[in-house]
Protein chains: 2
Amino acid sequence: MAVVLPFDPAAEVSAAPSIEGIVNLVRADMERVNALILSRTGSDVTMIPEVAQHLISSGGKRLRPMLTLATAGLAAYQGDGAVKLAASVEFMHTATLLHDDVVDDSEMRRGKLAARMLWGNEASVLVGDFLLGQAFRMMIEVGNLTALDILSNAAVVIAEGEVAQLAAAKNTATSEDEYLAVIRGKTAELFAAACEVGPVLAERPKAEQVACRSYGMNLGIAFQLVDDVLDYGGSGAALGKNVGDDFREGKITLPIILAFRRGTEEERDFWRRSLERGEIGEGDLARAVGLLECHQALADTVKRARHYGSMACDALGLFPAGPAKRALLDVVEFCISRVN
Amino acid sequence: MAVVLPFDPAAEVSAAPSIEGIVNLVRADMERVNALILSRTGSDVTMIPEVAQHLISSGGKRLRPMLTLATAGLAAYQGDGAVKLAASVEFMHTATLLHDDVVDDSEMRRGKLAARMLWGNEASVLVGDFLLGQAFRMMIEVGNLTALDILSNAAVVIAEGEVAQLAAAKNTATSEDEYLAVIRGKTAELFAAACEVGPVLAERPKAEQVACRSYGMNLGIAFQLVDDVLDYGGSGAALGKNVGDDFREGKITLPIILAFRRGTEEERDFWRRSLERGEIGEGDLARAVGLLECHQALADTVKRARHYGSMACDALGLFPAGPAKRALLDVVEFCISRVN
């Protein structure tokens, strides 16, 4: 008799790193977050929900609010505040995306036309302001001054990081450390704040607050570095934006920094011409990708991302094993494995 | 013998309505506000203080923070919180100006090139976000949740008002009531919030908080209506922007609404062509001003402003006479008399 092995499609899927763990962990609370997001984008000024919903309903993973809920769970938080702070974090993120699209002249976002292409830069700026205001209102409703302090500080640091990126834009002399400072601000700070407010709400010891912040910060750095790689490697459909956007915008990211430093003087001239002076012709994107590959710049950026991913995982060492910790550790692996 | 009348230049000056009363009243605290503004625009990212200082040092009157200090004085507030809230209010205002310039494609602001002309739209959007974040941080430091609620709500309402204006832009069918709703949001709400937080900090009875809010709201409406008139009448130097900016941008303001409704069908065609379709030729601004004058639209907008100014003054009726009340009443007269 033949032994019949039962076929379990779920087991197949879970072989690849996924965010299913965190999705299942916070499912019930995320429904409340999503309802809150929907209700707080409402306005008599009909353009506001239109613009906001265009972006919000476009299938972002909502990773940041899930992190707030999961770290609140890790800290055994029992109250209602985490749901509102999670929605606030997503609004802060959405506001940043709307403003970023204006700053970067982006045409695509999450596989759809950027809001500014449909409603103009004006609406993107102002609806971003509206969402940021609503984020603060929700935080204030929660009434925890430490959490307010963390999230408002994050808003300042994010803006600083974005301006620093603007100032460094098109400067091929940017060092790896300078670039790290930029992405700590523009990306990782919100991950850090999203993870820190959970144990703060739960009034856990300072060491646990610091641990969750550190987890978020390092996860955020890893996340951004992988994004930088995807911009030269993913397919537009999977990425939701066009491959080579960073190149065309003259953005100096870690793969570029590595290839520039490892390259010949002739190659550096190529980078200066294309990124600093914006003189980009046919075949230049392909040449850029070729140089990045020849110098292992993409593979080594992923290695760097793995380093920060390890730091994120180790930051959670203080916490006992359990479903929340397992889910948070899986998120790190998922974020890095997006590149495969 | 001839009687020698002593000459008092101060008496001469005070004959014309001025803001000297409020300036003298809050002088000491405004020095602390100005120091705070300077220190909180600091950043290692040098572009941030550059952009912020360009606008902040360009000689705005700082009317809004003075209102916060004066209403705190009216409410006999003794603590330190009003200075930080006053600085927050000015930062919120500055952030709005930076974003407005991007939304309106403005070239001038307060008689200087708009920041976006020097550093680009990108920096204006992001430094605006930075200042808004800093505003929230200062509010949170004060730690009064009601004041936080009022100011964060104002941030949302301002953004809503701006979007509503965008949606109504170039629509000559906008009614006076619809326009009022827009300026309540985009301008008057911040005046109202700036005036409300003083008595809130002082924990004065609700009736006094409402009275100060009402004073600010109506003052703000009057202020905006006079601004609308100045756009067709002031000199560019005094105004700090170019006469006719609103006309060229197709902005529907109260003078236009009145002239449109009072005009002939041929005149309405002119307004539709110039404001809705943006087909503006030589002589069209002069024709617009001619029509506004022929229909008393500018004079009647000033009359409307006087109406809201009266409401603002009456709102303070609850408070006993004193230097703070006198200064606040003078501000109303000053704001309206700018048009003379």
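Residues numbered from 1 in each chain as written. Chains lettered and ligands numbered in written order. Predicted model: local features only at pLDDT ≥ 70, side-chain atom pairs only at ≥ 80, totals over all residues. Heavy atoms only, no water.

A. A look at the overall build of chain A. Counting its secondary structure elements, chain A contains 17 helices and two strands. Whereas a compact globule of 340 residues would reach a radius of gyration of roughly 20 Å, chain A reaches 21 Å, a difference of no more than 12%. Projected onto the principal axes, the alpha-carbon positions of chain A cover approximately 70 × 60 × 45 Å. Relative to its 340 residues, chain A shows a buried fraction of 56%. Expressed as a percentage of contacts within chain A between residues at least 6 apart in sequence, the contacts between residues at least 24 apart total 76%. If you sum the accessible surface of chain A, you get close to 13700 Å²; carbon and sulfur atoms cover 52% of it. Charged side chains of chain A number 34 positive and 46 negative; the gap between the two group centres comes to 2 Å. (Helix = DSSP H or I, 4+ residues; strand = E, 2+ residues; numbered from the N terminus. Rg over C-alpha atoms; globule rule 2.2 N^0.38 Å. Buried < 20%, exposed > 50% of the residue type's maximum accessible area, 1.4 Å probe, protein only. Contact = heavy atoms within 4.5 Å. Areas by Shrake-Rupley, 256 points an atom, 1.4 Å probe, with all protein chains shown as cover. Lys, Arg positive; Asp, Glu negative; His and termini not counted. Charge placed at Lys NZ, Arg CZ, Asp CG, Glu CD.)

B. Representation of the nonpolar core in the model. Among the nonpolar cores identified, the biggest contains 236 residues, and Tyr-215 and Trp-271 of chain A together with Tyr-215 and Trp-271 of chain B are the most heavily contacted of them. Ignoring anything within four residues of it in the chain, the contact list for Tyr-215 of chain A reads Leu-67, Cys-195, Ala-312, Ala-315, Leu-316, Leu-328, Val-331 and Val-332 of chain A. (Core = buried A, V, L, I, M, F, W, Y, C linked by side-chain atoms within 4.5 Å.)

C. The arrangement of the interface of chain A and chain B in detail. On the chain B side, the residues contacting the 36 residues of chain A number 36 residues. Three residues stand out in chain A for area buried against chain B, namely Leu-126, Ile-140 and Val-163 of chain A, and they jointly supply 18% of the buried area on that side. Counting every contact that joins chain A to chain B gives zero salt bridges. Between chain A and chain B we count six residue pairs in polar contact (both at pLDDT 80 or more) in total. Those elements giving two or more residues to the side of chain A that touches chain B turn out to be α4 (47–56), α6 (81–104), α7 (115–142) and α8 (145–168) of chain A. For the side of chain A that touches chain B, the element with the highest residue contribution is α8 of chain A, accounting for 14 residues. (Buried area = accessible area lost by both parts, 1.4 Å probe. Salt bridge = Lys/Arg side-chain N within 4 Å of Asp/Glu carboxyl O. Polar contact = N/O pair within 3.5 Å; in protein donor to acceptor, adjacent residues only side chain to side chain.)

D. Up close: the pattern of salt bridges. Residue and element names in this part refer to chain A. As enumerated under the stated definition, the model contains 46 salt bridges over all chains in all. Of the charged contacts in the structure, one is a salt bridge between Lys-251 and Asp-104, with a shortest N-O distance of 3.0 Å. Here the residue Lys-251 occupies a position in the loop between α12 (245–248) and α13 (254–262), and Asp-104 occupies one in helix α6, the gap between them amounting to 147 residues. Glu-249 is the salt-bridge partner of Lys-251, the closest N and O atoms lying 3.6 Å from each other. Given the relative accessible area of 14%, Lys-251 is considered buried.

E. Representation of the environment of Ala-286 of chain A in the model. Among the structural elements, Ala-286 of chain A can be located in helix α15 (residues 284–294). Along the sequence, Ala-286 of chain A and Gly-244 of chain A sit 42 residues apart, while their C-alpha atoms lie 9.3 Å from each other.

F. α4 of chain A, seen in detail. With seven of its 10 residues buried, α4 of chain A lies for the most part within the structure. Against α3 (27–40), α6, β1 (108–109), β2 (112–113) and α7 of chain A together with α8 (145–168) of chain B lie the buried residues of α4 of chain A.

G. Structural detail: the packing of helix α5 (residues 63–74) of chain B against helix α17 (residues 323–337) of chain B. All names here are of chain B. Taken N-terminus to C-terminus, the directions of α5 and α17 make an angle of 150°; their axes are 9 Å apart at the nearest point. Classified by the angle their axes make, α5 and α17 are roughly antiparallel. Where α5 crosses over α17, the handedness of that crossing is left-handed. Together, Leu-63, Leu-67, Ala-70, Thr-71, Gly-73 and Leu-74 of α5 and Ala-324, Lys-325, Leu-328, Val-331 and Cys-335 of α17 make up the contact between the two elements. By residue class, the composition of the contact of α5 with α17 is eight nonpolar, two polar and one charged. (Axes fitted to C-alpha atoms, helices over the stretch in contact; angles between N-to-C directions. Parallel < 35°, antiparallel > 145°, perpendicular 65-115°, else oblique. Left-handed = near helix turned anticlockwise from the far one by under 90°. Nonpolar A, V, L, I, M, F, W, Y, C, P; charged D, E, K, R; others polar.)

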